[in-house]
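Single-letter residue listing:
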Amino acid sequence: MKVFISADIEGTAGITAWDEARKTHEEYAEFREYMTNELVAACEGAKAAGATEIVVKDAHSSARNLILSELPDYVRIIRGWSGHPDLMMFGIDSSFSAALYTGYHNKAGTDSNPLAHTLTGTISRLLINGEVASEYTLNALCAARYGVPSVFLSGDAGMCQEARDMIPQISTVATSEGFGPATSSLSPKGSVKAIRQGVEAALAGNLSACLPKLAERFELIVEFTNPVEAYRASWYPGIEHPAPRTLRFQADNFFEIQRAVRFIM
Ligand SMILES: [Zn+2]
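Residues numbered from 1 in each chain as written. Predicted model: local features only at pLDDT ≥ 70, side-chain atom pairs only at ≥ 80, totals over all residues.

Undergrad: Could you clarify how one ought to interpret the overall build of the chain in this entry?
TA: Each helix and strand counted, the chain has six helices and 12 strands in total. The C-alpha atoms of the chain give a radius of gyration of 17 Å, which matches the 18 Å a tight globule of 265 residues would have. Dimensions of the chain, computed from the C-alpha atoms along their principal axes, are close to 50 × 40 × 30 Å. Among the 265 residues that make up the chain, the fraction classed as buried is 48%. Contacts spanning at least 24 positions in sequence make up 67% of the contacts within the chain whose residues lie at least 6 apart. (Helix = DSSP H or I, 4+ residues; strand = E, 2+ residues; numbered from the N terminus. Rg over C-alpha atoms; globule rule 2.2 N^0.38 Å. Buried ≥ 20, exposed ≤ 12 C-beta atoms within 10 Å, placed from the backbone. Contact = placed C-beta atoms within 7 Å.)

Undergrad: Before we go on, may I ask you to explain the nonpolar core in this structure?
TA: Nonpolar side chains tend to gather and get buried jointly when the protein is soluble and globular. Ranked by internal contacts, the top residues of the largest apolar core, which has 76 residues, are Val3, Ile5, Leu39, Ala42, Leu100 and Leu153. Looking at this core element by element, the count peaks at nine residues for helix H1 (residues 28-48). Counting the residues that make up this core, at least three belong to each of domain 1 (2-107 + 147-210) and domain 2 (218-264). (Core = buried A, V, L, I, M, F, W, Y, C linked by C-beta atoms within 7 Å. Domains from an automatic or database assignment.)

Undergrad: It is not clear to me how the pairing of strand S12 (residues 246-251) should be interpreted in this structure. Could you clarify?
TA: Moving residue by residue along a regular strand, the side chains alternate between the two faces of the sheet. Here six bridges tie strand S10 (residues 218-224) to S12, and the two strands are oriented antiparallel to one another. Paired with Ile221 across the two strands is Arg248, which belongs to S12. Hairpin connection between strand S11 (residues 240-243) and S12: a loop of two residues separates the two successive antiparallel strands. (Pairing = 2+ DSSP bridges.)

Undergrad: Could you clarify how one ought to interpret the packing of helix H2 (residues 135-145) against helix H6 (residues 254-264) in this entry?
TA: Between two packed helices, the angle of one axis relative to the other and the distance separating the axes together describe the packing. It is the contact of H2 with H6, at a shortest axis distance of 10 Å, that shows an interaxial angle of 135°. Accordingly, the angle class assigned to the pair H2 and H6 is oblique. As for how H2 packs across H6, the hand of that crossing is left-handed. On the side of H2, the interface is formed by Leu138, Leu141, Cys142 and Arg145, while H6 contributes Phe254, Phe255, Gln258 and Val261. (Axes fitted to C-alpha atoms, helices over the stretch in contact; angles between N-to-C directions. Parallel < 35°, antiparallel > 145°, perpendicular 65-115°, else oblique. Left-handed = near helix turned anticlockwise from the far one by under 90°.)

Undergrad: Just to check I follow, could you spell out the sheet that holds strand S9 (residues 182-185) for this structure?
TA: Within a sheet, adjacent strands bond to each other through the backbone by hydrogen bonds, running parallel or antiparallel. In space, the seven strands of this open sheet follow the order S3-S2-S1-S4-S7-S8-S9, with mixed pairing throughout. Two strands lie at the open edges of the sheet, namely strand S3 (75-78) and S9, each paired on one side alone. Within the sheet, the average angular offset between the axes of one strand and its neighbour, ignoring direction, is 20°. Pairing analysis gives four bridges linking strand S2 (residues 53-58) to S3, with the strands arranged parallel. By the bridge assignment for S3, Val56 is matched with Ile77. Across the sheet, helix H3 (residues 157-166) is in contact with strand S4 (98-104), strand S7 (150-156) and strand S8 (171-179); its angle to S7 comes to roughly 155°.

Undergrad: Explanation requested: the sheet that holds S10 in the structure shown.
TA: Strand order in the open sheet formed by five strands is S6-S5-S10-S12-S11, and the pairing between neighbours is antiparallel. Of all strands in the sheet, those bounded by a partner on one side alone are strand S6 (131-132) and S11. Inspection of the sheet shows strand S5 (residues 123-128) paired to S10 by five bridges, in the antiparallel sense. Residue Arg125 lies in a different strand from S10, and its bridge partner there is Glu223. H6 contacts S5, S10 and S12 of the sheet and is inclined by roughly 15° relative to S10.

Undergrad: Would you mind showing me how to read the packing of H2 against H3 here?
TA: Where H2 meets H3, the closest approach of the two axes is 10 Å, and the angle between their N-to-C directions is 35°. Of the two possible hands of crossing, H2 and H3 adopt the one that is right-handed. Facing Tyr136, Thr137 and Ala140 of H2, the residues of H3 in contact are Met159, Glu162, Ala163 and Met166. Looking at the contact of H2 with H3, its residues break down into five nonpolar, one polar and one charged. (Nonpolar A, V, L, I, M, F, W, Y, C, P; charged D, E, K, R; others polar.)

Undergrad: Could you clarify how one ought to interpret the domain arrangement of the chain in this entry?
TA: Accessible area lost when the parts come together is the quantity often used to give the size of an interface. With domains assigned, the chain is organised as domain 1 (2-107 + 147-210) and domain 2 (218-264). The centre of domain 1, based on its C-alpha atoms, is set 28 Å off from the matching centre of domain 2.

Undergrad: What should I look at first to understand the environment of Gly178 in this one?
TA: Looking at the secondary structure, you find Gly178 in strand S8. What makes Gly178 buried here is the crowd of 22 C-beta atoms within 10 Å. In this structure, the C-alpha to C-alpha distance between Gly178 and Ala116, residues 62 residues apart in sequence, is 9.5 Å. Setting aside anything within four residues of it in sequence, one finds Gly178 in contact with Asp111, Ser112, Asn113, Pro114, Asp156 and Thr183.

Undergrad: Honestly, H3 in this entry has me stumped. Any pointers?
TA: An α-helical segment advances 3.6 residues per turn. Residues three or four places apart therefore align on the same side. Taken together, the buried positions of H3 are occupied by Ala157, Gly158, Met159, Cys160, Glu162 and Ala163. On its buried face, H3 sits against S4, H2, S7 and S8.

Undergrad: Honestly, unusual backbone geometry in this entry has me stumped. Any pointers?
TA: Leave glycine aside and you will find that most residues have negative phi; peptide bonds, for their part, are mostly trans. The phi dihedral of Ser61 falls on the positive side, at around 50°, and the residue is not glycine. Owing to 15 C-beta atoms within 10 Å, Ser61 belongs among the partly exposed residues under this scheme. Not every positive phi belongs to a glycine, and Leu119 is a case in point at roughly 60°. Mapped onto the elements, Leu119 comes out in the loop between S4 and S5.

Dropping the structure here:
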């Protein structure tokens, strides 16, 4: 069984402020360790469930966050951004049995996590077929393109709820809850324990029940906070610019949506 894990930081237990997620700030060192510990817990749970190969995508900011010396010997790690539209899922293919997500955060415009955002932070909302989407939405649909089900997510409680709204059978571990700029969260040790157990149980369950159905046609709407960004991105081939802050793009396969996202942000 091959397992793919996409690891972010803004849904890690305890994280509350941007300085804790940014490489250039002193506090980042501590939270990068918690991010790594949660990812390692997911790897251990997967291994215990019978995973024979685990590929991890470091998917936050520089994509060079995870502390490599902490990773188990049976893990392969993908770092940096290749430019491929699979972005946070780069490295996945149809040979994987399951996709997992750690440290995931809710989308821009939600209040379940002080660090909620979608991709770059320049977007107020991103919609797919009329539904406001998160990074997880994009990534679970990306995995589905390869026929890979999304079976586990850890992150803030709002993100976990959204994940279940899209894929009711997905297993989740709610690491934290936001209250405006504050958070209430599990301790890092508590989240590690819950993630390890959660992943092992998730991979022992019915994986194929966690495969979302891809629509026949996709409409992407991107609303930027600043119209300047929308103008700059409006030259992508085939894109519409119906309002100063809004871009619209349609395609009949999800890869074309991912490609547009890759180039307009
Ligand atoms: Zn991130």
